[in-house]
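Chains, contacts and geometry: an overview
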Amino acid sequence: MRKNRKKNGYQGLLFLLPSLLGVGIFVLTPYLDVVRRSFTSAIGQNFTGLENYRKIFENTAFQLACSNTLRFVAVCIPLLLLLSLLLALLLQRLGKKGQWFKQCFLFPMAIPVASVVLLWRILFDRHGMVNALLNDVGFAGRDWMNSSSAFGVLVFSYIWKNLGYDIVLMLAGLSSISTDIYEAARVDGAGEWRIFHSITLPNLLPSLYTITVLSLLNSFKVFREAYLVAGNYPDDSMYLLQHLFNNWFRELSMDKMAAGAVVMTLVIFLVVLILTKTWGKEGHGDGT
Amino acid sequence: MEHKRKHWIGLLLLLPLCFLACYPVWFLCSGSLMGSVQLKDALAPVLGSREGYVSFPVMPLYPTLRHYVALLLDSPEFFQMFWNSVRFAGGILLGQLCVSVPAAWGFARFEFLGKRALFLLYLVLMMMPFQVTMLSGYLVLDTLKLLDTRWAIILPGVFSTFPVFLMYRFFEGIPEALIESAKLDGAGSWQIFLRVGLPLGSSGILSAMVLGFLEYWNLIEQPLTYLKDKTLWPLSLYLPQIGLEQAPEAFVSSVAALIPAFLVFLAGRDYLEQGIVAAAIKE
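Residues numbered from 1 in each chain as written. Chains lettered and ligands numbered in written order. Predicted model: local features only at pLDDT ≥ 70, side-chain atom pairs only at ≥ 80, totals over all residues. Heavy atoms only, no water.

To continue, consider the overall build of chain A. Tallying secondary structure elements over chain A gives 13 helices and zero strands in all. Traced from its N-terminal end to its C-terminal end, chain A shows the element sequence α-α-α-α-α-α-α-α-α-α-α-α-α. Across its three principal directions, the C-alpha atoms of chain A cover 75 × 75 × 30 Å. Partitioning the intrachain contacts of chain A with sequence separation of at least 6 by distance along the chain shows that 67% fall at a separation of at least 24. Accessible surface, chain A as shown: approximately 13,300 Å² in total, 65% of it carbon and sulfur. For chain A, the distance from the average site of its 26 positive side-chain charges to the average site of its 18 negative ones is 9 Å. (Helix = DSSP H or I, 4+ residues; strand = E, 2+ residues; numbered from the N terminus. Contact = heavy atoms within 4.5 Å. Areas by Shrake-Rupley, 256 points an atom, 1.4 Å probe, with all protein chains shown as cover. Lys, Arg positive; Asp, Glu negative; His and termini not counted. Charge placed at Lys NZ, Arg CZ, Asp CG, Glu CD.)

Put into structure tokens, the structure is as follows:
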């Protein structure tokens, strides 16, 4: 089968050519330039070795942004995975009705960031709707956007937007588990928890892995809500790497941006390598 | 009996969450139909003109379309930004159709030297958040004198590698036998792509388009970085600038921004699901 495909190899490259050219011009070449710049000074283009890297790692804004971004990921990803798995298990039992709920959860993906920002402002204002609700049940409200609670608002935004996406993925993962195993387990008299623990979870593991990585990548987009609600300099608790890059750009700190981009690439590249390893196990790749 | 009860517990948990997922739309729509007086009164605590907290009415007291009419008749900026958004999303998607579809076909259906490495490269690029390519994008757009033009947004978008990967997943699933039989009928590579690939991979193409539209209708980072000229800004950057003092306008234009995305979601929700799944889970 693959022999036939191989014969016309150069034609495959022809199909790819426009895309390759564009990627080369708009991404690869300038990126190499960025790598070069990460080793030179901002003005004068002198080779400075790892000076830029030292500078960003000593930069307090960079440290703050890194730790916030890490904290954000460490809180959001487990929370999102747990919630979506729980809901997917529920929806799976509901059958046809589950389909309706699933689309309901997907809906936030379609709501433009710009539209939802209006609601966010009114919800999380000091005199906003969330505080009204808290006040009614006897709690003191707080200034959500200008205190460390801003981090919580960010987490909420992310979960709200991505829950449907992850539920769809979880449902797909669940449905790929053969029903025969479940039936065999039931015949053997296994309880719900035991079935989940010994069948569902281990069989879901490969999907769980890719779901984690995709959720991680989607987490970068939370900057949109954060920026539109709180601007360039939000509360310290939600100052992310994305804010920092944006501010470096406005200050034209090319040297720091270059070094930061390279560091970020390396971190993400590591993640991708692990990801392709797991995809590889399923026989993914170049048809081998 | 026990099974039935569990059902109910599940529903009790699901319904409030569903409400949470869909409430923003209700909020925006009812707000956009409210009269100025009711809206102003409801938002007074946020605007600082009254003590206490906002209690947003569930329904407009006297529903009115006046603000919609006002938006349609006398807000030229809104339309300009709206069309900017349409041009960005439309331009990028059209470009992707011309560039990414053949590229995905090339990856899915041919073997050539260096394919594995190239594919890995595309995969890595797809994973990179905007911040990584922000500076390189700026440098190249500056060199090409494209900064502060529509092309600064459209061209980099066209060469995004995500749709290539997504469509690759669908093209790969086309049975080899179909292609073989087309070959026996004397079809060339290009004809096979057009007559077999495109129709059979259409759900993949549509998935990429639906996901792409939802992405590009929400452009924030790119225009913020590459466009200083505010008349070129998309709706997504312009909308949040309307302050709460102009609440009616803010509500109506938020709904207007929602409508295209909502229609795409309604028409393409099955493809959206397929697209989400295809990027993550191997059938």
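Residue and element names in this part refer to chain B. Segmentation of chain B into domains returns domain 1 (2–64) and domain 2 (72–280). When each unit is reduced to the centre of its C-alpha atoms, the spacing between domain 1 and domain 2 is 33 Å. Across the contact, 12 residues belong to domain 1 and nine residues belong to domain 2. Overall, the association of domain 1 and domain 2 removes approximately 850 Å² of surface from exposure, summing both partners, and the carbon and sulfur fraction of that is 92%. When the buried area of domain 1 at its contact with domain 2 is split by residue, L28, S32 and L47 rank highest and sum to 44% of it. Where domain 1 packs against domain 2, one counts zero salt bridges. Of all the secondary-structure elements, those providing two or more residues to the side of domain 1 that touches domain 2 are α1 (2–33) and α2 (36–47). If you tally residues by element for the side of domain 1 that touches domain 2, the top one is α1, at six residues. By residue class, the composition of the side of domain 1 that touches domain 2 is nine nonpolar, three polar and no charged. (Domains from an automatic or database assignment. Buried area = accessible area lost by both parts, 1.4 Å probe. Salt bridge = Lys/Arg side-chain N within 4 Å of Asp/Glu carboxyl O. Nonpolar A, V, L, I, M, F, W, Y, C, P; charged D, E, K, R; others polar.)

Turning next to the side chain of H67(B). Examined against the element boundaries, H67(B) turns out to sit in helix α3 (residues 66–74). Apart from the residues within four sequence positions on either side, H67(B) is in contact with S32(B), M34(B), G35(B), S36(B), P248(B) and V252(B).

In this section: the nonpolar core. Grouped together as the largest cluster of nonpolar side chains are 204 residues, with contacts concentrated most on F105(A), F56(B) and F251(B). At 17 residues, the largest contribution of residues to this core is made by helix α8 (residues 150–175) of chain A. Looking at this core, you find at least three residues from each of domain 1 (2–64) and domain 2 (72–280) of chain B. (Core = buried A, V, L, I, M, F, W, Y, C linked by side-chain atoms within 4.5 Å. Buried < 20%, exposed > 50% of the residue type's maximum accessible area, 1.4 Å probe, protein only.)

The next thing to look at is the packing of helix α9 (residues 179–187) of chain A against helix α10 (residues 192–218) of chain A. To characterise two packed helices, one gives the angle between the axes of the helices and the distance between these axes. Residues and elements named next belong to chain A. Here α9 crosses α10 at 165 degrees, and the two axes come no closer than 11 Å. The orientation of α9 with respect to α10, classified from their angle, is roughly antiparallel. The two elements α9 and α10 meet at a crossing, and its hand is right-handed. In this structure, α9 uses I181, Y182, A185 and R186 to contact α10, whose residues at the interface are I195, I199, T200 and N203. Residue classes in the contact of α9 with α10 are distributed as five nonpolar, two polar and one charged. (Axes fitted to C-alpha atoms, helices over the stretch in contact; angles between N-to-C directions. Parallel < 35°, antiparallel > 145°, perpendicular 65-115°, else oblique. Left-handed = near helix turned anticlockwise from the far one by under 90°.)

A word on the packing of aromatic side chains. Residue and element names in this part refer to chain A. Enumeration according to the criterion identifies 39 aromatic pairs over all chains in this entry. Between F72 and F151 the ring centres are 6.3 Å apart and the planes differ by 85 degrees, which places this aromatic pair in the edge-to-face class. Placement of F72 in helix α4 (residues 60–94) and of F151 in helix α8 is noted, with a sequence separation of 79 residues between them. Of the two residues, F72 and F151, neither departs from the other in class, the shared state being buried. (Phe/Tyr/Trp six-rings, centres within 6.5 Å; stacked < 30°, edge-to-face > 60°.)

Our focus in this paragraph is empty space enclosed by the protein. Summed over the entire model, instances satisfying the criterion amount to five cavities of 30 Å³ or more. By volume, the largest cavity is sized at about 1,300 Å³. Every residue lining the largest cavity is counted, 49 residues in all, and those nearest its centre are K221(A), R224(A), M126(B), M128(B) and E215(B). Its residues placed into classes, the lining of the largest cavity shows 29 nonpolar, 14 polar and six charged. (1 Å grid on protein atoms, 1.4 Å probe; cavity = no way out; pocket = protein on both sides within 12 Å on 5 of 7 lines; lining within 4 Å. Points joined across faces, edges and corners; volume = space filled by probe spheres on them.)

Residue and element names in this part refer to chain A. Looking at chain A, the pLDDT average stands at 85 and 92% of residues meet or exceed 70. When pLDDT is averaged over each helix and strand of chain A, the minimum, 48, is found for helix α1 (residues 2–7) and the maximum, 93, for helix α12 (residues 241–250). Scored below 50 in pLDDT, residues 1–6 shows 12 contacts in the model against residues more than four places distant or in partner chains. Note on residues 282–288: pLDDT under 50 across the span, and 17 contacts to partners over four residues away in sequence or across chains. (pLDDT = per-residue confidence, 0-100.)

Another aspect to go through is the confidence of the model for chain B. Per-residue confidence for chain B gives a mean pLDDT of 89; residues scoring 70 or more make up 97%. By mean pLDDT, the top-scoring element of chain B is helix α7 (residues 151–158) of chain B (95), and the lowest-scoring one is α1(B) (83).

A surface patch of nonpolar side chains, about 380 Å² in accessible area, is lined by Y209(A), F269(A), L273(A), I274(A) and L120(B). When residues of the nonpolar patch are assigned to their parent elements, the largest contribution, three residues, is made by helix α13 (residues 254–281) of chain A. Here L120(B) lies in helix α5 (residues 115–127). Among the residues examined, L120(B) registers a relative accessible area of 30% and is labelled partly exposed. (Patch = residues over 30% accessible without salt bridge, like charges linked within 9 Å, V, L, I, M, F, W, Y side chains within 5 Å.)

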